Each structure stands twice: as structure tokens, then as C-alpha cells.
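Coordinate inspection notes
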Amino acid sequence: MARNPYIDSVRGFALLGLTLTNLFFMANFAYGYVPPVNQDWLESGLSLVTTVFADGRFRTLFCLVFGAALVMQYQQWQKGDDALFMIKSRLCILAVFGVLHGYLLWPGDILLNYALSGLLALMWLNAKHRLLTAALLTLLPVGLLVVLSLLVREPNIDRASAEYATLITLMPVNYAELLSQNVSHFNMMILLIPLATLWNTLGLMLFGMELYERGWFSGQRALPAKWVWILWCASASVSLLLWLNRDTTTGQVLETINWLAALPMALCYLMLLQAITANLPGVSKILAIVGRYSLSLYLLQSLIGIGVFHFVFPAARVLFTRLEYFVFFLALTLVQVILAILLNRAKKTGPAEFILKRCVRHLSRV
């Protein structure tokens, strides 16, 4: 199957950006990042940047490109039952990867949710009213979570609180304890899939399908510059309100609404990548190379993150500020880029991609 370099570059960009927020939950899955009592300007600034540019943005972008890739694969495999079988086989094997990843390594896995959402998205491959369905599926889970956020008040904790002291005592100190917590946390994540995340992810994938058919993934400019600024301002305004009210009940509601604000920012990222493709082809090529190894690199992110925070340097779970997390993010990004380039130069398939292809080939023979 011929690859689409622009889709690969979008996938690579989204993949690299995921770790900016995922690292918090690799260190502390229950609460994510717990801020220090006294926050300086750098801590506050990085908090604002993360809220505006990262929270949910790269996950949303990944959903869009996932939906676009489903349509592309279906068209390139000449449509029909054989194409659907190949796509469904890939998605089922991806779900197995997700289950193993969630239980054995990190319960924040997205692969299982994406695989299940992708299987449902196939029902809309030839639909005429896909955009309306996408909007409803994206909005309804957010509405449900807004209601829940009003009914259930999450405690605000910092590093001087009693809750945080208790949390530290519960952190796993060996793999057996980590595995036990993974099982408990991932079971809850699986229960959450049919309640909210499945439908939100499905809606975003349908948006991605629609954007693909409207030329957004061709690498050509899809919107005038003024609309890009309007989208950016809309997303940034919601995120700024969230950041200013982050310790209040209003902030808890806005945190859920911030799911919706991620969509216009993801569209801005698509436009940014179109500009990079046109003006900085070398950067776009590197992102595309990363995108080709997205499954292996995604699993590697968890392997490195969990390994560092729980075994190599467990004190980081307590000591790291946003600055240290950001430096770790940059280092991990560099490692992924270098590894992807080396694999590409050696003309090697990523280990996870190799297993996926072999499994699909085996299923096609059966």
C-alpha cells in the first residue's frame, strides 16, 4: 500500500506531542501532575502553555489522522470486502496490542479505544451525513462529563497536602505492585470506554474521514489564514479560562469542555503542518519518518517513561517540576526521532509494525 507522506507527518507530529502530557500520568496515573505549593513564573508559564497547546490536542489530532487513514486504506485497497477484512484485521490486532500495553505497561493506553472506535467508524465509510453524526458523537460524551463534573467534585491537591502524602505511600516500588495497580486502573479505563471515550473518539475519527475527503490531508492549504486565527483564538480562549479557574468548580467544568477546544487547535496544527510541508520539506520528511514507526515508538514512550519513573529514578515522581518534565519530553522526542531515522536508513520495519503485518498476513491466509 502506497503511503501518504503528509498523513505520516501528521501522525509523527501527533505522536511526538503525546508525551508532553502523558509523562505526567506515567509518573502518577491517579492524579497526573501535582504542582508544588509555591509556583514561580516558569512553573505557571509552562502550565499555561501545556493547557493551551497540549492538553488533549495531540490525542485529538491522532484521532483525526486515524479516521483519515481508514478512508485512505479503504480506497487504496480498491474498497470491497477484502479491503474491509484487511482493515478489520489490523484493528483487531491493534486492540490486542492495546490490552497487553494497558495491563502490562501503562493503563493510559489509547490503542484499545482507537481500535474499537475504528471498527465502528467503518460503518460510516460511505455515509452521506457523516459530519452531523461526528458532531453529535463528539458533543454528547462531553455533555455527560460536564454533568458528572458538577455532581462529583475532585479534590485539589498540592505537594503539601495530606492526600499527596498518602499518594506517595501507595506508589509502586516493584513491578509486581505496578502490575497490580495497572490491572485495577486499566479495568476502570475499559469501563469508561463505552460510557464516554469510545463515542468521543469515534466522532473525531468521523471528522477525520470528512476532512480527508475534503482535501485537508493532501498537504495543500485548506483554509484562509484568518480562519486559522479564529480557530486558534477560540481554542486558546477556552483553555485560558480553564487555566485561570483551574482550582475552582468552574475550572473542573471547563476542563471537560476543553475536550472540545482541542478540535480547533488540532485543525490549526493541520494547517501548520501544511505550511511546514510547503516551506520546510526537510522537517516534514523527518516527521513523516517518525509517523511510519508510530506504533513502535508509542510503545517505546511507555517503556521509557515507566522504566524511568518507577525503576531507574523513582524519586522523580515526587521531585520533578514542569521544567524537568519538559526537558525529559525534549530528550525523549530526540531519542524517538533519531531511532526512527536510523531504522529508516537501515530500511527496517519497526518491531511492532512487523508483528502487526505478520499477524494480518496470517489472518488473511486463514
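Model, not experiment: these values are computed from the prediction.

1. Considering unusual backbone geometry
Leaving glycine aside, a negative phi is the common case for residues, and trans is the common case for peptide bonds. If you check the backbone angles, lysine 347 has positive phi at about 55 degrees while not being a glycine. Take lysine 347: it is sitting in the loop between helix 14 (322-345) and helix 15 (351-365). Residue classification places lysine 347 among the exposed positions, given a relative accessible area of 76%.

2. Here's the deal with helix 1 (residues 5-27)
In a regular helix each residue adds 1.5 Å, so 23 residues correspond to 33 Å; helix 1 covers 34 Å between its end C-alpha atoms and thus fits that length. Counting buried positions along helix 1 yields 21 of 23 residues, so the element is predominantly enclosed. Capping the start of helix 1 is the job of one residue whose side-chain oxygen sits 3.0 Å from the backbone nitrogen of tyrosine 6: asparagine 4.

3. Topic: the packing of aromatic side chains
A full pass over the atoms with the stated rule returns 19 aromatic pairs. Ring geometry for phenylalanine 13 versus tyrosine 269: centroids 5.3 Å apart, planes at 70 degrees, classification edge-to-face. With phenylalanine 13 in helix 1 and tyrosine 269 in helix 10 (residues 249-279), this residue pair connects regions lying 256 residues apart in the sequence. Of the two residues, phenylalanine 13 and tyrosine 269, neither departs from the other in class, the shared state being buried. Grouped by ring-pair contacts, the aromatic residues Phe24, Tyr33, Phe309, Phe313, Phe320, Tyr325 and Phe328 constitute a single cluster.

4. Regarding the environment of glutamine 336
Here glutamine 336 is to be found in helix 14. Classification of glutamine 336 as buried rests on a relative accessible area of 0%. The sequence separation of glutamine 336 and tyrosine 298 amounts to 38 residues, and the corresponding C-alpha distance is 9.3 Å. Every residue in contact with glutamine 336, bar those within four places of it in the chain, is listed here: Leu15, Leu16, Thr19, Leu297 and Gln301.

Conventions adopted
- Residues numbered from 1 in each chain as written.
- Predicted model: local features only at pLDDT ≥ 70, side-chain atom pairs only at ≥ 80, totals over all residues.
- Heavy atoms only, no water.
- Helix = DSSP H or I, 4+ residues; strand = E, 2+ residues; numbered from the N terminus.
- Buried < 20%, exposed > 50% of the residue type's maximum accessible area, 1.4 Å probe, protein only.
- Expected span 1.5 Å × (residues − 1).
- Polar contact = N/O pair within 3.5 Å; in protein donor to acceptor, adjacent residues only side chain to side chain.
- Phe/Tyr/Trp six-rings, centres within 6.5 Å; stacked < 30°, edge-to-face > 60°.
- Contact = heavy atoms within 4.5 Å.

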